[in-house]
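Structural overview for review
Here is how the chains run, residue by residue.
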Amino acid sequence: MTLLAVWLGKLTLLGLRLIGRRGNALPGLVVEKVFPRFLARAMARLPEGVVVVTGTNGKTTTTKMVATVLDEGLRVLTNDTGSNFVRGAITATIENASWSGRLPYDVAVFELDEAWAVRFVGLVAPRRCLLLNVMRDQLDRFGEIDTTAGLLGKVAAATTGHVVLNRDDERVAALAARTRAEVSYYGVSAELREMFPNDEELYGGPVHVSDLPATVELRTLPSPAHPAATLRIGGRDHDVLLRAEGPHNAQNACGAAALALSFGFDQARVLAGLAKVSPAFGRGQTFTVDGRRVVLQLVKNPAGFRQTLRTLDARTPEAVVIAINDDYADGRDVSWLWDVDFTALGPLPSRRYTAGTRAADMAVRLRYDEVDVDEIEVDLEKAVRSAVGAVQAGEHVVVFSTYTAMWALHAVLQRIGQAVQ
Amino acid sequence: MITLQLVHLYPREMNIYGDTGNVLVLRKRLQWRGLPVQVTPVSVGDPLPTDADILLGGGGQDAAQGEIGVDFAARGPELRAMADDGMVMFAICGSYQMLGHEFVTQEGRHIAGVGVLDVVTHGQSVRLIGNNHVDTPEAGRLVGYENHSGLTTLGAGARPLGTTQTGRGNNGQDGTEGAVRDNVIGTYLHGPALAKSPRFADDLLRRAYLRRGVDAALDPLDDALPDLAARTAVGRPR
Ligand SMILES: [Zn+2]
């Protein structure tokens, strides 16, 4: 039956390619309908089982970190296509299985959004999971933050082997009580704690410093003077040069490291793996356009936007574009922009652009934070071309962009420029 | 010029969908005109400043509404006296509901409000979500985003802020949105609503000055940008 499922999926994939399409969901959908137990059976044959990575922010890059580190010693199957649904996982499995039905992997690492993670663990009990954070999204998608934490609790409860939790997000740390699996924590040092505010702290709540022990602790952040992040593992400090920029990625690296340690990986192997992780799709991905460097940064919710803005601490770009769309996949409600503090942009010498369907909304938001906008251009390509044209060769343009705008801009940048590997 | 005192109610608990932005909008619109302003956050257990001019409250998660419920209810007599005295209140969603007589949950539990507004809200499971705006007789258009599950009905002592053309409004039935009595305004429009409604925002300021006996001629600000954002929002799908 597994073999039949693999063939059915592979033939669907082939069919899609013949008509010139590259599908992620359809082969998974077809197999899911015909062989509903396929995924569970395929995953049961992996010697190290399944790792689920979920949380509101940082899933994609963290999943890539986990997969890259585990790749140092294991054969890793992962859904690095950005398709974070059960069907995406099925499609990834089918694509990577041989025609004889063999799945030549030791472990699967899947990024799943909170709601889908619950569906997934109903089908497949993960051996391990890494739970990152619970932040406000455009809340109409999953409901309230407490509801979202409840979803992660179900993932923790379904996990059989080892659960890695962010000790600095109290809602996440509390999920230790929901699982019978082994639990370990990652975190940031007390000195760095206020740089990683949780939802309550953003609105004036006291900064909570956890006394839970962290297997991996972030000690110092990368800075222009010291570009490496320092991670404390087993009482010793290690420097690691991360290619994914920003404090949030240094924090996520600790989670990925803690998870890899649960496999019995030694510290050297974990650190070597982390140093190899390149930015994920649209998460700090860099392009060159006419000799200018254009960095694409996805923003989806207030906490993520705040964190991503901090990538500007290390290097000031000559131009900043903020592209806000309000299509269904972005969230129709753009009120979350008011939960982001943009005042730090005010003193920067960068030229500033707003773009996308809600370019005017974004400009209003910036104005109330005393940030002047040089140009408001709804058309995404025009906005980026304008920003690129306004800076010199060798200079930087950083584009912060919501989901659908990011996809559109990714296509534009591939057409008018080149991706930097 | 007198200093306007803005009171931000429960900033920690009641702040979803950008409602905190309403405080920033009013503060900046005063500061840009060189007018003195003070913002006082009032959390559970804090006293309400007796010289408050404008009270601002936002929406919250259900759990947060539970946390502040007792504290809010205990402020009933004080808030009713302030409303009778013409104080300006601008309350969104959860704060709007609690300014009413009561909130009746789906399970039939009665949670007492403070009775400042003659409205009653009934919980239900379906959420009313989408872009929405309302044209008000006194202060132009209020543009925002509604997202609520409580259904609010108005009694004889409150009149609607306006009639919604495209949204669901107070209850999805009678076409009304929001409620007004004296200088107290409740609405379901998040957004923050004042960001794209500059004339409405200035009208709140004008009411607050008038109550203090000052007929403030507020210098005009360049509102081309919020007006453009408002037109865009009104033209977008729900
Ligand atoms: Zn609401």
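Residues numbered from 1 in each chain as written. Chains lettered and ligands numbered in written order. Predicted model: local features only at pLDDT ≥ 70, side-chain atom pairs only at ≥ 80, totals over all residues. Heavy atoms only, no water.

Moving on: the overall build of chain B. Helix and strand counts for chain B stand at six helices and 15 strands. Relative to the 2.2 N^0.38 estimate, which gives 18 Å for 238 residues, the radius of gyration of chain B is 17 Å and therefore close to what a compact globule would have. Once the C-alpha set of chain B is aligned to its principal axes, its extents read approximately 50 × 40 × 30 Å. Counting over 238 residues, chain B shows a buried share of 60%. A separation threshold of at least 6 residues defines the contact pool for chain B, and within that pool the share at least 24 residues apart is 70%. Taken as a whole, chain B presents about 8,800 Å² of accessible surface, with 51% of it coming from carbon and sulfur. Here chain B contributes 22 positively and 27 negatively charged side chains, and the mean placements of these two sets differ by 5 Å. (Helix = DSSP H or I, 4+ residues; strand = E, 2+ residues; numbered from the N terminus. Rg over C-alpha atoms; globule rule 2.2 N^0.38 Å. Buried < 20%, exposed > 50% of the residue type's maximum accessible area, 1.4 Å probe, protein only. Contact = heavy atoms within 4.5 Å. Areas by Shrake-Rupley, 256 points an atom, 1.4 Å probe, with all protein chains shown as cover. Lys, Arg positive; Asp, Glu negative; His and termini not counted. Charge placed at Lys NZ, Arg CZ, Asp CG, Glu CD.)

In this section: the coordination of the zinc ion. Residues and elements named next belong to chain B. Protein coordination of the zinc ion is provided by Cys 93 (SG), Asn 147 (O) and His 190 (NE2), with donor distances spanning 2.1 to 2.2 Å. Here the donor residues of the zinc ion are spaced in sequence according to C-x53-N-x42-H. On the criterion of sequence distance, the pair formed by Cys 93 in the loop between strand S4 (88-92) and helix H4 (94-99) and Asn 147 in strand S9 (residues 140-148) is long-range, its members being 54 residues apart. Given the relative accessible area of 9%, Cys 93 is considered buried. (Donors = N, O, S within 2.8 Å, 3.2 Å for Na, K, Ca; no water.)

Time to look at the sheet that holds strand S14 (residues 375-377) of chain A. All names here are of chain A. Across the sheet, which stays open at both edges, the seven strands sit in the order S14-S13-S12-S15-S11-S10-S16 with mixed pairing between neighbours. Of all strands in the sheet, those with a lone pairing partner are S14 and strand S16 (418-419), marking the two edges. The pairing of strand S13 (residues 351-355) with S14 spans three bridges and is classified as parallel. From the neighbouring strand, Ala 355 faces S14, where its bridge partner is Glu 377. Running over the sheet, helix H12 (residues 302-309) touches strand S11 (292-298), strand S12 (319-323) and strand S15 (396-401) and is turned about 170° from S15. (Pairing = 2+ DSSP bridges. Axes fitted to C-alpha atoms, helices over the stretch in contact; angles between N-to-C directions.)

Here the focus is the packing of helix H15 (residues 380-390) of chain A against helix H16 (residues 403-416) of chain A. All names here are of chain A. Remark: H15 packs on H16, axes separated minimally by 10 Å, with the N-to-C direction vectors making an angle of 55°. Of the possible angle classes, the one that applies to H15 and H16 is oblique. In terms of crossing hand, the pair formed by H15 and H16 is right-handed. Here H15 contributes Leu 380, Glu 381, Val 384 and Arg 385 to the contact with H16, which in turn contributes Ala 405, Ala 408, Leu 409, Val 412, Leu 413, Arg 415 and Ile 416. Considered class by class, the residues forming the contact of H15 with H16 number eight nonpolar, no polar and three charged. (Parallel < 35°, antiparallel > 145°, perpendicular 65-115°, else oblique. Left-handed = near helix turned anticlockwise from the far one by under 90°. Nonpolar A, V, L, I, M, F, W, Y, C, P; charged D, E, K, R; others polar.)

A large share of helix H5 (residues 86-96) of chain A lies buried, amounting to eight of its 11 residues. Where H5(A) is buried, its residues contact helix H1 (2-18), helix H2 (25-34), helix H3 (38-44), strand S2 (76-78), strand S3 (107-111) and helix H6 (114-123) of chain A.

This paragraph deals with the domain arrangement of chain A. Many structure descriptions define interface size as the accessible area lost when the parts assemble. Residue and element names in this part refer to chain A. The domain boundaries assigned to chain A delineate domain 1 (2-275) and domain 2 (283-419). With centres defined by C-alpha atoms, the gap from domain 1 to domain 2 works out at 27 Å. On the domain 2 side, the residues contacting the 17 residues of domain 1 number 20 residues. Each partner contributes to the roughly 1,700 Å² buried at the junction of domain 1 and domain 2, and carbon and sulfur atoms together form 48% of this total. Across the contact surface, domain 1 and domain 2 share two salt bridges. (Domains from an automatic or database assignment. Buried area = accessible area lost by both parts, 1.4 Å probe. Salt bridge = Lys/Arg side-chain N within 4 Å of Asp/Glu carboxyl O.)

A word on H15(A). All names here are of chain A. Listed as buried for H15 are Leu 380, Ala 383, Val 384, Ala 387 and Val 388. Taken around the axis of H15, the buried residues stretch over an arc of 130°, which confines them to a single face. Facing away from the buried surface of H15 by more than 90 degrees, the exposed residues are Lys 382 and Gly 389. Between the side-chain oxygen of the N-cap and the backbone nitrogen of Glu 381 there are 3.2 Å, and the N-cap of H15 in question is Asp 379. (Arc of directions from axis to C-beta. Polar contact = N/O pair within 3.5 Å; in protein donor to acceptor, adjacent residues only side chain to side chain.)

Among the nonpolar cores identified, the biggest contains 85 residues, and A:Phe305, A:Ile322, B:Met89 and B:Phe90 are the most heavily contacted of them. Residue contacts for A:Phe305: discarding those within four places in its chain leaves A:Val299, A:Ile322, A:Ile324, A:Trp336, A:Leu337, A:Val340, A:Phe342 and A:Phe400. Of all hydrophobic cores here, the second largest spans 43 residues; its members include A:Val6, A:Leu112, A:Leu131 and A:Val172. (Core = buried A, V, L, I, M, F, W, Y, C linked by side-chain atoms within 4.5 Å.)

In this section: the environment of B:Leu218. All names here are of chain B. By the element assignment, Leu 218 lies in the loop between helix H5 (198-211) and helix H6 (224-235). Measuring from C-alpha to C-alpha, the distance between Leu 218 and Gly 34 comes to 10 Å, with 184 residues separating the pair along the chain. When near neighbours in sequence (up to four residues on either side) are disregarded, Leu 218 contacts Arg 33, Leu 35, Asp 202, Leu 205, Arg 206 and Tyr 209.

Another aspect to go through is the side chain of B:Asn131. Turning to its location among the elements, B:Asn131 is positioned in strand S8 (residues 128-136). In this structure B:Asn131 comes out as buried when scored by relative accessible area, which is 7%. Separated by 3.2 Å, the side chains of B:Asn131 and A:Arg358 make a polar contact. Within the structure, B:Asn131 has its side chain in polar contact with the backbone oxygen of B:Pro237 (distance 2.8 Å).

Enumeration according to the criterion identifies 40 salt bridges over all chains in this entry. A salt bridge links A:Glu245 to A:Arg315; the shortest N-O distance between them is 3.7 Å. With A:Glu245 in the loop between strand S9 (236-240) and helix H10 (247-261) and A:Arg315 in the loop between helix H13 (311-314) and S12, this pair connects stretches of sequence that are 70 residues apart. One salt bridge in this structure joins B:Arg141 and B:Asp135, with 2.8 Å as the shortest N-O distance. Judged by its relative accessible area of 37%, B:Arg141 falls in the partly exposed class. On the accessibility criterion, B:Asp135 (39% relative accessible area) is partly exposed. Connected through shared salt-bridge partners, A:Arg167, A:Asp168, A:Arg193, A:Glu201, A:Glu217 and A:Arg219 make up one network.

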